[in-house]
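This is what each chain is made of:
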Amino acid sequence: MTTAQHEPRIARVERTTRESSITVEINLDGTGRTDIDTSVPFFDHMLTAFGAHGSFDLTVHAKGDIEIEAHHTVEDTCIVLGQAIGQALGDKRGIRRFGDAWIPMDETLAQAIVDVSGRPYCVHTGEPDHMLTAVIGGYSGGDKPVVSYATVLNRHAFESIALNARIALHVRVLYGRDQHHITEAEFKAVARALREAVEPDPRTSGIPSTKGAL
């Protein structure tokens, strides 16, 4: 059986507030090409991993009030990323709908499960307590300091993506120690689970719900 051909699922969303100006473009049927610039280097690294491991072509350009901290830029970028994912999905016809991924990164193991359900929900569990206060980056160098990423933002990032993409997303850390490894394993797990969930299912061409709509 061959998979039916379909038009690439692409969306572009722009959002400007007093705190940030964000542009996101995503192709769910891409090959993992990324163009990321948020002025928060570690967050750029996570979004690059998200695009690469989800096989999404992903462009993210963000300008935010990073002189305060990274919070608004990360939050607003994830809002727009979620909106772009939702728009690119269209009516969700012919997709697998569910996705599950386990990602090890050295001492860390993370799992993400996705249901492209149209019912937004996020459950985020298992991060060790030190993730509430850990900070990645922020080292001085060159003409200006590097903006840090507080790992307490992880839950908020995943919630913002899930609520705006209108998906059910469960992310859990089974174990881990290093804050970089934990965060990166989570982002990669979400990318791989979402990749599986949005892939065309060669066994169906309809909407994968008994309700007839998602």
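For the structure, see preceding data.
Described in the following lines is the structure provided in the data block. (Residues numbered from 1 in each chain as written. Predicted model: local features only at pLDDT ≥ 70, side-chain atom pairs only at ≥ 80, totals over all residues. Heavy atoms only, no water.)

**Focus on the pattern of salt bridges**
Oppositely charged side chains can form a pair if their charged atoms are brought close together. As a reminder, the rule being used: A pair is scored as a salt bridge if a Lys or Arg side-chain nitrogen falls within 4 Å of a carboxyl oxygen belonging to Asp or Glu. Secondary structure follows DSSP: runs of H or I at least 4 residues long count as helices, runs of E at least 2 residues long count as strands, and numbering of each begins at the N terminus. For each residue, the accessible area found with a 1.4 Å probe, counting protein chains only, is set against the maximum for its type, and the residue is called buried under 20%, exposed over 50%, and partly exposed in between.
Throughout the structure, instances matching the rule amount to 10 salt bridges. The partner of arginine 33 in a salt bridge is aspartate 57, and the shortest N-O contact between them spans 2.9 Å. Of the two residues, arginine 33 sits in the loop between strand 2 (20-27) and strand 3 (34-37) while aspartate 57 sits in strand 4 (residues 57-64), which places them 24 residues apart along the sequence. Given the relative accessible area of 56%, arginine 33 is considered exposed. Sharing partners across several salt bridges, the network here consists of Arg12, Glu14 and Glu25.

**What to know about the pairing of strand 10 (residues 168-175)**
Applied cut-off: DSSP-based pairing: two strands are paired if at least 2 bridges between them are found.
Direction of pairing for strand 6 (residues 108-115) relative to strand 10: antiparallel, over a ladder of 7 bridges. Pairing of alanine 110 across the sheet is with valine 173, part of strand 10. Relative to strand 10, strand 7 (residues 121-125) runs parallel, the two being bridged by 5 bridges. When the bridges of strand 10 are listed, valine 123 appears paired with histidine 170.

**Some points on helix 3 (residues 153-165)**
Let me state the cut-off plainly: A helix is expected to span 1.5 Å for every residue after the first. What makes two residues a contact is simply this: any of their non-hydrogen atoms within 4.5 Å.
Here helix 3 is 13 residues long and its end C-alpha atoms lie 18 Å apart, about the 18 Å a rise of 1.5 Å per residue gives. Where helix 3 is concerned, the buried positions are Leu153, Asn154, Ala157, Phe158, Ser160, Ile161, Ala162 and Ala165. Buried residues along helix 3 sit in contact with helix 2 (71-89), strand 7, strand 9 (149-150), strand 10 and helix 4 (179-198). Arginine 166 sits one or two residues past helix 3 and shows a positive phi near 60°.

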